[in-house]
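# A look at the structure
Residues per chain are reported as follows:
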Amino acid sequence: MAKAELLREDGIGILRIDNPPVNAISPELVADLDRSLTEFEEDAGLKALVIECAGRTFVAGGDIAAFEDPQFSAAPYNRVLARIEACDRPVVASLFGTVLGGGLELAMASHFRIAASATRLGLPEITLGLIPGSLGTQRLPRLVGLEIARDMISKGKPLSAFGALAAGLVDMLDDEPGRAARSKAVELAVQGMAPRRTRALTPPDIDNADAVLAGARRAAKAKPWLPALSAVADCLEAAARKSFPDGEAVEKRAFHDLIGTTQSRAMRHLFFAERAAQKIPGLDRETKPRPVEKVGILGVGTMGGGIAMTFANAGFQVTLVETSSEALVRGQALIADAYKATQSRGLMSEEAVMARLGAMNGSTEMSDLADCDIVVEAVFEDMELKLSVARQLGEICKPGAIIATNTSTLNVNRIAAATGRPGDVLGTHFFSPANIMKLLEIVRGADTEPDALATVMLLARKIRKTAVVSGVCYGFIGNRMAEVYMRESEAMQVEGATPAQIDGIIENPKYLGMAMGPSRMLDMAGVDVGARTVIEWIKGGDGPQDPAYRAMCRNLYESGQHGQKTGHGYYRYEGRNPVPSEETAELGRHLAREQGINRRDNIPDEEIFERLLFAMANEAAFILEEGIACRPGDVDIVWTAGYGFPAWRGGPVFMADEIGLEKIVARLDYYAATLGNEHGYWTVSPLLRRLAEKGERLSDWRREA
Ligand code: T1G
Ligand code: NAD
């Protein structure tokens, strides 16, 4: 079936695009557009042209999958756009849905743009490590000005239809854009005015070019690891200073150079990985979800409060239950303060804050959770406590209600069994702060019913979370890998490295570029929370038997150094500013003496980097082999959406492949030989070794059906 065709209606041409699911610009569509346009050009009887799309959205961009082809070129599509712009009869674009990337570039090549009021318009290529490649960097500034264009292209955020109208990006709003476009096309044809070609325009704020371009250069300088940002500055410079064809050449070269970069390949990998994560093996996509209107939160502490806000923000009624009215009031105050902070930053109106607080009611009676459709339990990370409240919830919750636990590490199957209705139970592992962090790790229990899982997958979309399904094991996908990451960070602190040295390497874009290194991360989340999970794990009997295992955080916890919340953790805090702690350094020296470890004055930066990342990659391979994660990309989504792993690195699995599995396996073997492997910390996953031997990538590994 043709992906585009020319229809004829009342003397005007209708160029109708139909390429589900989002009318992405694929090479086949470009060929059909080219043919249909020729048909229009050769039919002088048609007075004008309307460009419109079938389906749920106008063109949402170039087909990102097509960029993987080394022969990919935007030139054929750009020629089609040039012919549309050059057309001597009016061309009107009928816009709705998400008009993004190549879709907006098609609209800007048209002479007149009409959008439905719910349309969103943007050039999100930067989120793929790219720049617009179909003259978006040249046409957009000519319509909206250099400043708005700079912000739209360098941030990738779409404009609303009203914002686009105000900016001059669209000419008219109408909720029947197809009908309006047809009558506007006739009107323009009758008027016989020369088409308004975007390339002929001058950016309306050209006098302010120096300031705008300086801003673009500063942004590029601040993030040297994102080459797309300096390409944005180059293209805007060309749009301000050069002719359209010369600007076109600048964009063409920059786009071509970016498409092969590791950064762009990594971010494109994540685009598809995020969508693939929604497809759960063994879960029929037609599984009917259970109805959810009322949500219950048990335990309104750090996590319970954020989770309650997440559901209230999505329009759900929320019942909060705590042990005592003091604890309830404390939890509700946490929530109100968080909303006030959001309001004071102008990100939410007072009405909206009041509406969300109004959607929450508090209680100290678990029985008030009886009519909830889902209850999320976020009480202390203590198995006995979790089992006790699980038993109660199993009795209290109505038939068909879902019981979700926010445990970070504990055995979800044991908690499920304690409810007496394991089919209704799963883990919903939110990340702190729960109302901000995108990731939701959904832990599928051995007996979790498919419709319970389908319900929570759908809920995740409604509360705007990126969901990844994990099997049951200690720490699931994310925290299990974080465990080896923290283990090595702490081991090196005993061997002589400082928290600042280790965090510095991990935060350094030259090595990795994490938002926060391991010690700063746990100081923020709470050393007590981290230590309690390790202690609970060892207590449970299936944890590490190594007496030295994460002795740093267990000792910090016992000495009250709980991190930022107590002003002292791995670092001492002056306000929110971490400074080196002599107590922590002395603890490292003391543990080295106790464990008979020879401290090294200077642990090489490369070793610090390798011991953290390579241990994680190895653990990821074990996680995949055991079927805890459905596919390699899921691991990358967990770390980029939940732990601040930089998207331009693609995630720990993608990055490991870029480094090369052969090197990683060789270094793991080296550390086993030099550091000792008594506890199996450096035992290489059979999957990783097999792939390294075959020269294959872990990202491409798929579990046999
Ligand atoms: N290319 C290929 N496939 C795409 C796609 C695209 N641009 N956009 C979506 N899909 C697939 C997606 O993989 C999924 O497939 C299905 O469509 C539904 O998507 C030349 C260079 C449009 C807001 O970056 O932001 O233009 O999983 O689940 O939540 O200058 O998709 O069902 O098999 O995300 O409703 C610029 C990317 C490209 C927009 C819809 N455009 N897409 O969200 O559905 S670069 C983008 C989105 C470019 C030019 C340059 C979202 C959406 P499957 P979905 P959704
Ligand atoms: P927290 O100490 O801040 O809050 C726990 C709350 O549970 C307290 O307010 C306490 O009063 C309440 N509570 C205890 N027993 C209760 C009971 N029987 N009934 C009702 N309320 C009860 O802890 P938190 O950091 O919010 O952690 C909660 C859960 O979330 C834990 O399982 C933890 O592992 C998990 N988690 C924590 C983080 C994090 O970064 N803090 C991240 C993800 C998951």
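A brief report on the enclosed structure follows.

Reading guide: rules and limits
- Residues numbered from 1 in each chain as written.
- Chains lettered and ligands numbered in written order.
- Predicted model: local features only at pLDDT ≥ 70, side-chain atom pairs only at ≥ 80, totals over all residues.
- Heavy atoms only, no water.
- Helix = DSSP H or I, 4+ residues; strand = E, 2+ residues; numbered from the N terminus.
- Rg over C-alpha atoms; globule rule 2.2 N^0.38 Å.
- Contact = heavy atoms within 4.5 Å.
- Areas by Shrake-Rupley, 256 points an atom, 1.4 Å probe, with all protein chains shown as cover.
- Lys, Arg positive; Asp, Glu negative; His and termini not counted.
- Charge placed at Lys NZ, Arg CZ, Asp CG, Glu CD.
- Polar contact = N/O pair within 3.5 Å; in protein donor to acceptor, adjacent residues only side chain to side chain.
- Salt bridge = Lys/Arg side-chain N within 4 Å of Asp/Glu carboxyl O.
- Buried < 20%, exposed > 50% of the residue type's maximum accessible area, 1.4 Å probe, protein only.
- Pairing = 2+ DSSP bridges.
- Axes fitted to C-alpha atoms, helices over the stretch in contact; angles between N-to-C directions.
- Parallel < 35°, antiparallel > 145°, perpendicular 65-115°, else oblique.
- Nonpolar A, V, L, I, M, F, W, Y, C, P; charged D, E, K, R; others polar.

## Remarks on the overall build of the protein chain
- The helix and strand inventory of the protein chain stands at 28 helices and 19 strands.
- Over its C-alpha atoms the protein chain spans a radius of gyration of 28 Å, differing by no more than 12% from the 27 Å that the globule rule assigns to 705 residues.
- Expressed along its principal axes, the backbone C-alpha trace of the protein chain runs to roughly 90 × 60 × 50 Å.
- For the protein chain, the proportion of contacts with a sequence separation of at least 24, taken over those separated by at least 6, is 73%.
- Here the protein chain has roughly 28,800 Å² of accessible surface; of this, 54% comes from carbon and sulfur atoms.
- Within the protein chain, the 94 negative side-chain charges are centred at a point lying 3 Å from the centre of the 79 positive side-chain charges.

## Considering the side chain of Thr 137
- Inspection of the secondary structure assignment puts Thr 137 in helix H4 (residues 136–144).
- In this structure the side chain of Thr 137 is engaged in a polar contact, spanning 2.6 Å, whose partner is the side chain of Glu 251.
- Residues within four places of Thr 137 in sequence aside, it is in contact with Pro 132, Ile 153, Cys 235, Leu 236, Ala 239 and Glu 251.

## A few points about the pattern of salt bridges
- Following the criterion strictly, the structure yields 55 salt bridges and no others.
- The shortest N-O distance in the salt bridge between Arg 150 and Asp 151 comes to 3.0 Å.
- Assessed through its relative accessible area of 15%, Arg 150 is described here as buried.
- The exposure class of Asp 151 is partly exposed, given its relative accessible area of 26%.
- We note a salt bridge from Arg 480 to Glu 619, for which the minimum N-O separation is 2.7 Å. Residue Arg 480 is found in helix H18 (residues 478–495), and its partner Glu 619 is found in helix H24 (residues 605–625); the two are separated by 139 residues along the sequence.
- You can call Arg 480 buried: its relative accessible area is 12%.

## Re the sheet that holds strand S5 (residues 98–100)
- Sheet architecture is open: three strands sit in the order S5-S7-S8, paired in mixed fashion. Only two strands of the sheet have a single neighbouring strand rather than two, namely S5 and strand S8 (159–160).
- Pairing analysis gives three bridges linking S5 to strand S7 (residues 120–122), with the strands arranged parallel. Along S7, the bridge assignment pairs Thr 98 with Arg 120.
- Across the sheet, helix H3 (residues 102–109) is in contact with S5 and S7; its angle to S5 comes to roughly 85°.

## Here we look at the pairing of strand S17 (residues 466–470)
- Burial within S17 is extensive, with five of its five residues counted as buried.
- Both faces of S17 are covered, namely the face carrying Thr 466, Val 468 and Ser 470 and the face carrying Ala 467 and Val 469.

## Considering the sheet that holds strand S13 (residues 374–377)
- On the basis of which strands lie adjacent, the open sheet formed by eight strands has the order S12-S11-S10-S13-S14-S15-S16-S17 and mixed pairing. Pairing within the sheet leaves two strands with one partner each, and these edge strands are strand S12 (360–363) and S17. On average, each strand axis in the sheet is inclined to that of its neighbour by 25°, with strand direction left out of account.

## Structural notes on the packing of H18 against helix H22 (residues 551–558)
- H22 packs onto H18 with a crossing angle of 85° between their chain directions and a minimal axis gap of 8 Å. Overall, the two elements H18 and H22 adopt an arrangement that is roughly perpendicular. Where H18 approaches H22, its residues Glu 490, Gln 493 and Val 494 are matched on the opposing element by Ala 551, Met 552 and Cys 553.
- Taken together, the residues that form the contact of H18 with H22 break down as four nonpolar, one polar and one charged.

Treat this as a map of the structure, not an account of what it does.
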